[in-house]
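# Observations on the three-dimensional arrangement
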Amino acid sequence: VCLNDTKNYTVAHTAGSIYCWQVTGGTLINQNANSATVLWDNVGIQEVRVYELNYLEVTKPRTFKVQVAAPITADINYSSYNGLFNFSGNFVANANYNWNFGDGNTSTETNPSHIYQDAGEYQIYLVASNIYGCVDTFNLPSKIIAQLESGIEVPNAFSPNPNGGNGGVYDP
């Protein structure tokens, strides 16, 4: 479970029973007979306990141990040099990163590099998830503008002038 998630817990219902729920590390936001909904607002191993009262007898509580994970944060930094874009962020171990470069190409590398084949504006997206199922999505606030490098046209044939130079002028 991720921090600030809500989760519903249910136990088998026994006719004539009343249920009392206790939560550590979270907030009990709803309880209805044999079910309760908890908002998890503390990281770490937390507990849900339910007591069953039936004809003035209190049963041993049923305890659910819950691992509440810190949220994961997707954040993008980038730099570019000679048309190569390098992406990075503040990342954690045991996480998955799914990059979308906006041109139909993707990557699952933590810190990928990408070369755009066409000039244009591209919106970058990153979806990060951890082993607990916590997910965060980050869209780069402004689009990346990829410009293709201009080339130099060089002739691939020439005719030497037997009378000397031609004045340094190439006339295609």
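Parameters and conventions
Residues numbered from 1 in each chain as written. Predicted model: local features only at pLDDT ≥ 70, side-chain atom pairs only at ≥ 80, totals over all residues. Heavy atoms only, no water. Disulfide = S-S within 2.5 Å. Helix = DSSP H or I, 4+ residues; strand = E, 2+ residues; numbered from the N terminus. Buried < 20%, exposed > 50% of the residue type's maximum accessible area, 1.4 Å probe, protein only. Phe/Tyr/Trp six-rings, centres within 6.5 Å; stacked < 30°, edge-to-face > 60°. Lys NZ or Arg CZ within 6 Å of the ring centre and 35° of its normal. Salt bridge = Lys/Arg side-chain N within 4 Å of Asp/Glu carboxyl O. Contact = heavy atoms within 4.5 Å. Pairing = 2+ DSSP bridges. Axes fitted to C-alpha atoms, helices over the stretch in contact; angles between N-to-C directions.

Right, let's get into the state of the cysteines. Formally, a disulfide is one covalent bond, and it connects the sulfur atom of one cysteine to the sulfur atom of another. According to the stated counting rule, one finds one disulfide in the structure shown. Put simply, Cys 2 and Cys 134 are joined by a disulfide, and their sulfur atoms are 1.9 Å apart. An S-S torsion of about -115° defines the bridge between Cys 2 and Cys 134 as left-handed. Taken together, the residues span a long stretch of sequence, with Cys 2 in the segment before β1 (6-10) and Cys 134 in the loop between β14 (125-130) and β15 (135-139) at a distance of 132 residues. Owing to a relative accessible area of 8%, Cys 2 belongs among the buried residues under this scheme.

Applying the stated rule across the entire model yields nine aromatic pairs. Chaining the aromatic ring pairs together yields one cluster made of Tyr 78, Phe 85, Phe 87, Trp 99, Phe 101, Tyr 116 and Tyr 122. It is Lys 7 that lies over the ring of Tyr 9; its NZ or CZ is 5.8 Å from the centre.

Let us now look at the pattern of salt bridges. Oppositely charged side chains can pair when the atoms bearing their charge come close. Under the defined criterion, the tally for this structure stands at three salt bridges. The network of salt bridges with common partners includes Glu 47, Arg 49 and Lys 65.

This next bit is on the side chain of Thr 37. Residue placement: Thr 37 occurs in strand β4 (residues 35-40). What makes Thr 37 buried here is its relative accessible area of 18%. Setting aside anything within four residues of it in sequence, one finds Thr 37 in contact with Thr 6, Lys 7, Asn 8, Thr 27, Leu 28, Ile 29 and Asn 30.

The next point concerns the sheet that holds β4. The three strands lie next to each other as β1-β4-β3, forming an open sheet whose pairing is antiparallel. Each edge of the open sheet carries a strand with a single partner, namely β1 and β3 (26-32). Averaged over all adjacent pairs, the angle separating strand axes in this sheet is 25°, with direction ignored. In this sheet, β4 lies alongside β1 in antiparallel orientation, the contact comprising five bridges. Looking at the pairing, Asn 8 lines up with Thr 37 of β4.

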